[in-house]
Amino acid sequence: MKLVAGLGNIGEKYRWTRHNAGFMVADKWAINNDVQFKENKKLHCYITKFPKGLNDIILIKPTTYMNLSGDAVSAVMSYYKIDVKDILIVYDDLSLELDRIRFRPSGSDGGHNGIKSIIKSLGSSEFARLKIGIGPQPPIPAEDFVLQNFYKYQLDKLKPVLKTAVEGIEYYLENGMEKAQNMYN
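An account of the accompanying structure is given in this report.

Regarding the pairing of strand β5 (residues 87-97)
Stage number 1. By the criterion of burial, β5 is predominantly enclosed, with eight of the 11 residues buried.
Stage number 2. For strand β1 (residues 2-6) and β5, the ladder comprises four bridges, and the chain directions are parallel. When the sheet's bridge partners are listed, Gly6 is paired in β5 with Val90.
Stage number 3. Bridge count between β5 and strand β7 (residues 128-135): seven bridges; the pairing is parallel. When the bridges of β7 are listed, Asp93 appears paired with Gly133.

The structure is reproduced here in structure tokens:
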């Protein structure tokens, strides 16, 4: 069983913000697999489950808001007895250009509060990541930039990125991190 968590903030107010790139990927993947999310208050997330290849996939969108994403990830991990090596976190990254994605096998939080929360909750930074580029950041504070909506032209540019991210996740699940990095980074 694999856990894929798309990070973001719940609510219509945040729907099209840069910080919700992880939610956008999760939504696109759910649509492609004809599954729908259901809220699970006990696990602090919207959740769906579906078979993919040899694995069952648990796909979540935390309802904890970004800064407490670790609460949902650790709750789902515990409930389904998922090992940290079977987790992929999908989230926005300021340091990547808007049309880029990047797989990473592990790493620091890089200043991202959602990743910081997950590392704290799991007691480990050894989980896979897929970063969705939202940069470059203009000369305004990061916390303001990530909570702004994408501009229309940026959403148009983001659509093929979401498609590529979903393809990348499926490729990663079938072929592993190293091949996914070689193919998509």
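A short note on the nonpolar core
Stage number 1. Ranked by size, the top nonpolar core spans 35 residues in total, and within it Trp29, Leu88, Leu130 and Ile132 carry the most contacts.
Stage number 2. Mapped onto this core, the elements with two or more residues apiece are α1 (21-32), β4 (55-62), β5, β6 (101-104), β7, α4 (142-146), α5 (152-175) and α6 (177-184).
Stage number 3. Sequence-distant contacts of Leu88, defined by excluding residues within four places in its chain, comprise Leu3, Val4, Ala5, Phe103, Ala128, Arg129, Leu130, Ile169 and Tyr172.

So, the pattern of salt bridges
Stage number 1. Applying the stated criterion to the full structure yields eight salt bridges.
Stage number 2. A salt bridge links Lys2 to Asp86, with the shortest nitrogen-to-oxygen separation between them at 2.9 Å. You can see Lys2 sitting in strand β1 and its partner Asp86 sitting in the loop between α2 (69-80) and β5, a full 84 residues away along the chain. For the pair Lys2 and Asp86, one class covers both residues: buried.
Stage number 3. One connected set of salt bridges, linked through shared partners, spans Lys2, Lys85 and Asp86.

Here's the deal with the sheet that holds β7
Stage number 1. Taken in spatial order, the seven strands of this open sheet run β2-β3-β4-β1-β5-β7-β6, and their pairing is mixed. Strand pairing shows two members of the sheet lacking a second neighbour, β2 (38-40) and β6, which therefore form its edges. Neighbouring strand axes in the sheet, compared pairwise and without regard to direction, differ in orientation by 30° on average.
Stage number 2. Summarising the sheet, β1 and β4 pair through four bridges and their orientation is parallel. When the sheet's bridge partners are listed, Lys2 is paired in β4 with Ile57.
Stage number 3. Across the face of the sheet, helix α3 (residues 113-122) comes into contact with β5 and β7 while running at roughly 145° to β5.
Stage number 4. The sheet strands contacting α6 are β6 and β7, and the helix crosses β6 at an angle near 160°.

Examining unusual backbone geometry
In most cases, non-glycine residues show a negative phi, while peptide bonds are predominantly trans.
Stage number 1. Backbone torsion omega between Gly135 and Pro136 reads 5°, so that peptide bond is classified as cis.
Stage number 2. Note that Pro136 resides in the loop between β7 and α4.
Stage number 3. With a phi close to 55°, Asp34 is a non-glycine residue in the positive phi region.
Stage number 4. With respect to the helices and strands, the residue Asp34 is situated in the loop between α1 and β2.
Stage number 5. Residue classification places Asp34 among the exposed positions, given a relative accessible area of 72%.

What counts, and at which threshold
Every chain's residues receive numbers from 1 upward, in the order its sequence appears when written. Residues qualify for local features only when their pLDDT is at least 70, as the model is predicted, and side-chain atom pairs are given and counted only at 80 or more; totals for whole chains, interfaces and linings, by contrast, use all residues. To get the side-chain values, take all heavy atoms of the structure and skip hydrogens and water. For the exposure calls, accessible area comes from a 1.4 Å probe over protein chains only, and a residue counts as buried if that area is under 20% of its type's maximum, exposed if over 50%, partly exposed in between. Only runs of H or I of at least four residues qualify as helices and only runs of E of at least two qualify as strands under DSSP, and these elements are numbered from the N terminus. For two strands to be treated as a pair, DSSP must find no fewer than two bridges joining them. For this analysis, a nonpolar core means a set of buried residues of the types Ala, Val, Leu, Ile, Met, Phe, Trp, Tyr and Cys, connected via side-chain atoms within 4.5 Å. Any pair of residues with heavy atoms lying within 4.5 Å of one another is described as a contacting pair. Throughout this description, the term salt bridge denotes a Lys or Arg side-chain nitrogen within 4 Å of a carboxyl oxygen of Asp or Glu. Note on geometry: axes are lines fitted to C-alpha atoms, helical ones only across the stretch in contact, with angles between N-to-C directions running from 0 to 180 degrees.

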